[in-house]
Amino acid sequence: MGTGERFRGAHMGGGFLLAKRISVDQAVAGQVLAEQIARHDGVLLASQGSLVSEGLIRTLIRQNVDTIAIEEEEKRSDAEIMGVHDREIERVDAAFARIPEESVLIALRKTLVYLADKERDKALEYLAALEAKEAKEAEEALAAKEAEEAREAADAENGSEAEAAPPARASRRKKK
Amino acid sequence: MASPPDIQDRTRAKKEVRRIKNLPTVPGIVAKISRIVENPETSVADVGRLISQDQVLSAKVLRMANSAFFGMSRKISSIPQALIILGFEVVKGLVLTSSVFDMIQKSMAGLWEHSIGCAAASGVIATYLGRDDAEEVLVAGLLHDLGKVVLALNLPAEMSLVREKVAQDRLYFHEAETQVLDFDHAEIGQWLAEHWNLPESLSEPMRLHHRPEKAVVKPEWTAIVHLADIIVRAIGFGNGGDLLVPEISPAAWSLLGLKKTDFLPILENLEPKLASLRDLTALA
C-alpha cells in the first residue's frame, strides 16, 4: 500500500477506524498509530494506538522503517452514518434468513442489531427480559410436570387400593 | 478457462481429491518439528533453533504470537520465548498456519480473515468459559477451514459451481459442496489432517465443526469452533464462502452451557480483538 492511501479496518456494528499511510519523515508528534510497527524480524517497535513522539520518529528512521499508518478522524454526515447503520442491520437480517424464530441464534441476531444501532443498554434489557421469560416458562413447565407426576402417582395408588379391597358385600348377599 | 465438469461426475472429483499426491505436502518445517520431538531428548531450545533458522517464517510466527489473539502484556521477542509462554502445540500450530498462509491467501479472498476471526472468537469463547487451554482452541479455530483451501486450489471449476449454488440457491457452503461433489470441505480437512499427521485435537474440529455433536476426542473444542464459526459469519468478518449464518447444533449449545445473555459479553470481548487483528490480514 502506497503513501497517501486511506484504508478502513474491519469493525463490528458499523463503526470503523480510518487510517492513512504516510512516509515516516512526514510523521508529526501527537499523531496516533493505526497499526503496530514491527521490525522485519518480528520485534515490536510500537503498538497500535501509540502516540507518535519525536523519539519514536528518530527510532523508526534509524530502523529503516519507510512508512507508518496513522489514525485519521473521519468527517461524515449524519446521513452517511445512518446509511452505514442501516446497511449493517440489513446485512445482519439477510445473514440470518434461514434461522428459525425459536433458535437461540435469534438472540445473537438481535444483539448484533442493537449494537449496530449503538444501543447497548437496549441489548442488555432485551437479553435480561428474554432470560426472565425463559426462566418463568421453565418454572411453569416444571410445576406442570410435577403436578402431572403427582396425578399419575395418585391414580396408581387408587388403582392398587381398589384391587386389594376385600369383596365384603358380595359374600353377605350369597348367605341370603 | 475450462468449462465446469458434469456435476453428476462426482466420483471423478472425489478421486481427484483423494489421490494423495493432490493433497499439499505438509510444510517441511512442520515435518521436521514432528520428527525431532519424537526424540525424548529434544529440548525446547532445539525446537526453537530449528524454527528460528527460517527468519521469514519466524517473523510471521512472532507477529501472530504478539497479536491481539493472545493479548500478551509482555512482547514475545523470540521463538524459544514463544515456546515457553505459549507452549509447544500452540507454536507448532502457528508455524503450520504461517507456512500455509500463502496457500490460504491464494485460495479464496477473505478466507484468511475468516480463519483468523474464527480463531479469535474460539479463544474468546474458551476464555469466557474459564478454560485454561484457550490458546490451543484458538489454533483449532485458525485451521478449521483448511479443507476449503485444498478444494479451491485442486478443483477450481467445482469451487466456482459451489459458489454459484451458494449465491443462487441460498445454500450453506457445505450443502452446496455436498450437492456438487458428494463431500464437503470438512471431509477434505480430515483427509488433509490425516495426510499431515495432525493430532486429533486439531483434526476433529476440522472434520466436525458443522456436526459437533459427533465429536468424541475433543467435543468441547469442536463445539467452541462451531460456535465461533457462526459468530464470525454473523459479524461478517472475512469471508468463508457463506452468505448465510448456519443454525447452531443444540447439542453443542447444551455442551457449552452458555445462555443467550452470554452473547453480549462474548461479542464485546471479541470486537477489540477483531479490530486489532487488522495488522494480521497482511501477514507477509
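Residues numbered from 1 in each chain as written. Chains lettered and ligands numbered in written order. Predicted model: local features only at pLDDT ≥ 70, side-chain atom pairs only at ≥ 80, totals over all residues. Heavy atoms only, no water.

Participant: Help me out: how do you make sense of the overall build of chain B in this one?
Facilitator: Helix and strand content of chain B: 17 helices and 0 strands. Residues counted as buried form 57% of the 284 residues belonging to chain B. Within chain B, residue pairs in contact and separated by at least 24 positions form 68% of the contacts whose partners lie at least 6 positions apart. With the model as given, the accessible surface of chain B reaches about 11400 Å², and the carbon-plus-sulfur share is 50%. (Helix = DSSP H or I, 4+ residues; strand = E, 2+ residues; numbered from the N terminus. Buried < 20%, exposed > 50% of the residue type's maximum accessible area, 1.4 Å probe, protein only. Contact = heavy atoms within 4.5 Å. Areas by Shrake-Rupley, 256 points an atom, 1.4 Å probe, with all protein chains shown as cover.)

Participant: When you look at the interface of chain A and chain B in this model, what are you seeing that I'm missing?
Facilitator: Interface size is commonly expressed as the accessible area that is lost once the parts come together. Counting residues at the interface gives 42 residues for chain A and 35 residues for chain B. Linking chain A with chain B are 3 salt bridges, by the criterion used here. E268 of chain B is the partner of R120 of chain A in a salt bridge, and the nearest nitrogen-oxygen pair spans 2.4 Å. For the pair chain A and chain B, the interface holds 9 residue pairs in polar contact (both at pLDDT 80 or more). Elements with a contribution of two residues or more to the side of chain A that touches chain B: β1 (6-8), α2 (78-95), α3 (105-116) and α4 (120-164) of chain A. Per-element accounting of the side of chain A that touches chain B gives the leading share, 8 residues, to α4 of chain A. Its residues assigned to classes, the side of chain A that touches chain B comprises 25 nonpolar, 8 polar and 9 charged. (Salt bridge = Lys/Arg side-chain N within 4 Å of Asp/Glu carboxyl O. Polar contact = N/O pair within 3.5 Å; in protein donor to acceptor, adjacent residues only side chain to side chain. Nonpolar A, V, L, I, M, F, W, Y, C, P; charged D, E, K, R; others polar.)

Participant: How do you make sense of the pattern of salt bridges when you look at a structure like this?
Facilitator: Opposite charge on two side chains permits them to pair, given that their charged atoms come into close proximity. Scanning the entire structure with this criterion turns up 18 salt bridges over all chains. A salt bridge links R91 of chain A to E88 of chain A, with the nearest nitrogen and oxygen atoms 2.9 Å apart. Pair noted here: R91 of chain A and E88 of chain A are both in helix α2, with a separation of 3 residues, about one helical turn. The shortest N-O distance in the salt bridge between K148 of chain B and D145 of chain B comes to 3.0 Å. Residue class for D145 of chain B comes out buried when judged on its relative accessible area of 3%.

Participant: Would you mind going over the packing of helix α6 (residues 88-99) of chain B against helix α9 (residues 134-143) of chain B with me for this structure?
Facilitator: The description of two helices packed together rests on the angle between their axes and the distance between the axes. All names here are of chain B. Running from N to C, α6 and α9 point in directions that differ by 20°, and their axes come no closer than 9 Å. In terms of orientation, α6 and α9 fall into the roughly parallel class. The handedness of the crossing between α6 and α9 comes out as left-handed. Judged by residue contacts, E89, V90, G93, L94, L96 and T97 of α6 engage E135, E136, V139, L142 and L143 from α9. Here the contact of α6 with α9 is built from residues that sort into 6 nonpolar, 2 polar and 3 charged. (Axes fitted to C-alpha atoms, helices over the stretch in contact; angles between N-to-C directions. Parallel < 35°, antiparallel > 145°, perpendicular 65-115°, else oblique. Left-handed = near helix turned anticlockwise from the far one by under 90°.)

Participant: Looking at this structure, I do not really get helix α2 (residues 28-36) of chain B. What am I missing?
Facilitator: An α-helix turns once per 3.6 residues; consequently, residues spaced three or four apart project the same way. All names here are of chain B. When α2 is considered as a whole, its buried residues turn out to be I29, V30 and I33. Seen from one end, α2 has its buried residues packed into an arc of 100°, which puts them on one side. Buried residues along α2 sit in contact with α3 (44-52), α4 (55-65) and α6. (Arc of directions from axis to C-beta.)

Participant: What am I meant to see in the confidence of the model for chain B here?
Facilitator: Low pLDDT means the predicted coordinates in that region are not meant to be read closely. Chain-level pLDDT for chain B is 87 on average; 90% of the residues reach the 70-or-more range. Confidence drops under a pLDDT of 50 for residues 1-5 of chain B, and excluding neighbours within four residues, the segment shows 6 contacts in the predicted structure. (pLDDT = per-residue confidence, 0-100.)

Participant: Just checking my understanding: could you explain the nonpolar core for this structure?
Facilitator: Generally speaking, soluble globular proteins have nonpolar side chains that are buried together. Core analysis: the biggest nonpolar cluster contains 115 residues, and F96, L105 and L108 of chain A together with F69 of chain B have the highest contact counts within it. Sequence-distant contacts of F69 of chain B, defined by excluding residues within four places in its chain, comprise M64, I116, A119, A120, L138, L142, K273, L277 and L280 of chain B. Counting 13 residues, the second-largest nonpolar core is a separate cluster that includes I37, V52, I57 and I70 of chain A. (Core = buried A, V, L, I, M, F, W, Y, C linked by side-chain atoms within 4.5 Å.)

Participant: When you look at the packing of aromatic side chains in this model, what are you seeing that I'm missing?
Facilitator: Describing an aromatic ring pair means giving the distance of the ring centres and the angle of the ring planes. Residues and elements named next belong to chain B. Tallied over the full model, the rule gives 5 aromatic pairs over all chains. For the ring pair F69 and F70, a centre distance of 5.9 Å and an interplane angle of 65° mean the geometry is edge-to-face. In this pair, the class of F69 matches that of F70, namely buried. Ring centres of W253 and F263 lie 5.3 Å apart, and the angle between their planes is 25°; on these two criteria the pair is classed as stacked. One end of the pair, W253, is in helix α16 (residues 250-256); the other, F263, is in helix α17 (residues 263-276), and 10 residues separate them in sequence. The two residues W253 and F263 agree in class, both being buried. Above the plane of the ring of F173 lies K148, whose end atom (NZ or CZ) is 4.8 Å from the centre. The lysine or arginine in question, K218, covers the ring of W221, its NZ or CZ lying 4.4 Å from the ring centre. (Phe/Tyr/Trp six-rings, centres within 6.5 Å; stacked < 30°, edge-to-face > 60°. Lys NZ or Arg CZ within 6 Å of the ring centre and 35° of its normal.)

Participant: Which parts of the structure should I look at to understand the packing of helix α5 (residues 79-86) of chain B against α6 of chain B?
Facilitator: Residues and elements named next belong to chain B. Their axes nearest at 7 Å, the elements α5 and α6 cross at an angle of 130°. As judged from the angle between their axes, α5 and α6 are oblique. Along the contact surface, α5 presents A82, L83 and L86, while α6 presents F88, V90, V91 and L94. Taken together, the residues of the contact of α5 with α6 sort by class into 7 nonpolar, no polar and no charged.

Participant: What am I meant to see in the environment of E268 of chain B here?
Facilitator: Tracing the chain through its elements places E268 of chain B in helix α17. A C-alpha to C-alpha distance of 9.9 Å links E268 of chain B and V124 of chain B, two positions 144 residues apart in sequence.

Participant: How should the side chain of H226 of chain B be read in this particular structure?
Facilitator: Examined against the element boundaries, H226 of chain B turns out to sit in helix α15 (residues 219-235). Discounting residues that sit within four places of it in the chain, H226 of chain B has contacts with H209, H210, P212, E247, I248, S249 and A252 of chain B.

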